[in-house]
Amino acid sequence: MTSSHTDCHFCLQSLRGRKYALREENAYCVPCYDSLYANPCEECKQPIECNSKDLAYKGRHWHEGCFRCAKCSRSLVEKPFAAKDEVLLCTECYSDEYSSKCFHCQKTIMPGSRKMEFKGSSWHESCFVCQYCRQPLGTKPLITKDNENYCMPCFEKQFAHHCYSCKKVITSGGVSYHDQPWHKECFVCAGCKTPLSGQRFISKDDCPYCVDCFSKFYAKKCTACKKLITALGGAKYISFEERQWHGECFNCAKCFVSLVGQEFLTQQDDILCHKCGSA
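Just so you know, these numbers come straight off a predicted model, no measurement behind them. Here, residues in each chain are numbered from 1, in the same order as that chain's written sequence. Side-chain atom pairs in this predicted model are given and counted only at pLDDT of 80 or more, local residue features only at pLDDT of at least 70, and totals for whole chains, interfaces and linings cover all residues. Excluding hydrogens and water, the side-chain values take into account all heavy atoms of the structure.

Trainee: Even after reading the chapter, I still don't get the overall build of the protein, so can you show me in this structure?
Mentor: For helices the rule is a DSSP run of H or I covering at least 4 residues; for strands it is a run of E covering at least 2, with both sets numbered from the N terminus onward. Across its full length, the protein holds 5 helices and 22 strands. Relative to its length of 279 residues, the protein is extended, with a C-alpha radius of gyration of 45 Å against a globular reference of 19 Å. The dimensions of the protein, computed from C-alpha atoms along their principal axes, are 150 × 40 × 30 Å. Remark: exposure states derive from per-residue accessible area (1.4 Å probe, protein chains only) relative to the maximum for the residue type, with buried under 20%, exposed over 50%, and partly exposed in between. Burial analysis of the protein (279 residues in total) assigns 31% to the buried set. Long-range contacts, defined as pairs at least 24 residues apart, comprise 11% of the intrachain contacts of the protein with a sequence gap of at least 6. Surface accessibility of the protein: about 18,800 Å² in total, with carbon and sulfur atoms responsible for 48%. In summary, the charge assignment counts Lys and Arg as positive and Asp and Glu as negative, without counting His or the chain termini. For charged residues, the charge sits on one atom: NZ in Lys, CZ in Arg, CG in Asp, CD in Glu. Distance between charge centroids for the protein: 5 Å, based on 37 positive and 31 negative side chains. We compute the radius of gyration from the C-alpha atoms alone; for a globule the expected value is 2.2 Å times N to the 0.38, where N is the number of residues. What makes two residues a contact is simply this: any of their non-hydrogen atoms within 4.5 Å. For the accessible areas, the method is Shrake-Rupley and the probe is 1.4 Å, while residue cover comes only from the protein chains on display.

Trainee: Help me understand the domain arrangement of the protein, please; the structure alone is not making it clear to me.
Mentor: Interface size is often expressed as the accessible area that is lost when the parts come together. On domain assignment, one finds that the protein holds domain 1 (38–94), domain 2 (97–159), domain 3 (174–217) and domain 4 (221–278). Where each domain starts and ends comes from a domain assignment, either automatic or drawn from a database. When each unit is reduced to the centre of its C-alpha atoms, the spacing between domain 1 and domain 4 is 100 Å.

Trainee: Honestly, the pattern of salt bridges in this entry has me stumped. Any pointers?
Mentor: When their charged atoms lie close together, side chains carrying opposite charge are able to pair. By convention in these notes, a salt bridge is any Lys or Arg side-chain nitrogen within 4 Å of a carboxyl oxygen on Asp or Glu. On inspection of all chains with the given rule, the structure shows 4 salt bridges. Residue Glu92 pairs with Arg74 through a salt bridge whose shortest N-O separation is 3.8 Å. Remark: Arg74 occurs in the loop between strand S4 (60–63) and strand S5 (81–84) and Glu92 occurs in helix H2 (residues 91–97); sequence separation between them is 18 residues. Overall, the relative accessible area of 41% leaves Glu92 in the partly exposed class.

Trainee: Is there a simple way to explain the side chain of Thr91 in this structure?
Mentor: Along the chain, the position of Thr91 falls in helix H2. We define a polar contact as two N or O atoms separated by no more than 3.5 Å, with the added condition that, inside protein, one atom must be a possible hydrogen donor and the other a possible acceptor, whereas residues neighbouring each other in sequence contribute only through side-chain atom pairs. Engagement of the side chain of Thr91 in a polar contact is seen with the side chain of Glu92, the distance being 3.3 Å.

Trainee: Would you explain the layout of surface pockets in this entry?
Mentor: The probe, sized like a water molecule, is rolled over the atoms to show the empty space still left. Put simply, the grid is 1 Å and covers the protein atoms alone, a cavity is a trapped set of points that fit a 1.4 Å probe, a pocket is an open set with protein on both sides within 12 Å along at least five of seven lines, and lining residues have an atom within 4 Å of a point. Grid points are joined across faces, edges and corners, and a volume is the space filled by probe spheres set on the points. There is about 200 Å³ of room inside the largest pocket. Lining the largest pocket are Glu42, Glu43, Arg60, Trp62, Cys66, Arg68, Cys69, Ala70, Ser73, Glu86, Val87 and Leu88. Sorting the residues of the lining of the largest pocket by element identifies S4 and strand S6 (87–90) as the ones contributing at least two each. A class-by-class count of the residues in the lining of the largest pocket yields 6 nonpolar, 1 polar and 5 charged. In this count, Pro and Cys sit with the nonpolar residues alongside Ala, Val, Leu, Ile, Met, Phe, Trp and Tyr, while Asp, Glu, Lys and Arg are called charged and the others, Gly among them, polar.

Trainee: What is the right way to look at the side chain of His246 in this model?
Mentor: Structurally, the position occupied by His246 is in strand S20 (residues 243–246). For His246, a relative accessible area of 13% corresponds to the buried category. The contacts of His246, once residues within four sequence positions are left out, are Cys222, Cys225, Lys227, Leu228, Ile229, Lys236, Tyr237 and Ile238.

Trainee: Got a minute to help me understand the environment of Glu263 in this structure?
Mentor: Assignment of secondary structure puts Glu263 in the loop between S20 and strand S21 (264–267). When the C-alpha atoms of Glu263 and Lys275 are compared, they prove to be 10.0 Å apart, with 12 residues separating the residues in sequence.

Below, the structure written as structure tokens:
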């Protein structure tokens, strides 16, 4: 190299007829430049002299011959590689050691290729498809059944139940009533529309009612106490000539003895035990 520079900027020796290197417009002889500025090689720890090729990655430096896979020792010069805990590996060794296996095909997902993750497992992008139509799922909504993934349209076509009330697809949960599926939010009292899922209810003409509405619309009144007879919880009631009584209210009108399971007589609107009725 020829230049207007005549002396080494550091040792001041003449550069005439000698190789030198420039740094910030200053000329250095090769020994001075190497001792001052040469980077140490990560592998062999020797300085990378100015007449050698310096390969750099993330602030670290290697001789060209030292830039190799830490496992198989193959050269990484102008080849794809990956780093793990500051160790350089060729893509094959990295895949063997660290890459995920595709849940579908069980083959390695190579570094640099797109990986799909779902429920703790990984897929090749080309393997993450709907089980029915085989179209890529990507980030689309999906439903899993028996460890297989389905896009929403295919799942609805193949498996989904339709709500008896609104006729729309039930994608999760739901309530079964009279062997028919319902959305929880659609399973409501036929009277007041209160949600009935998880609540006590009474069926009338295939329609569910909350206890209050059923009592309001359909329950009979006790002839004695005038309160509603709901017949909930297995409560007993007595019916006679279109009149009803709570079991505990079906008593003789005179002596108040219980007439449940006993013979009784009627006198106008009263019911009487045999003794009182015969007096």
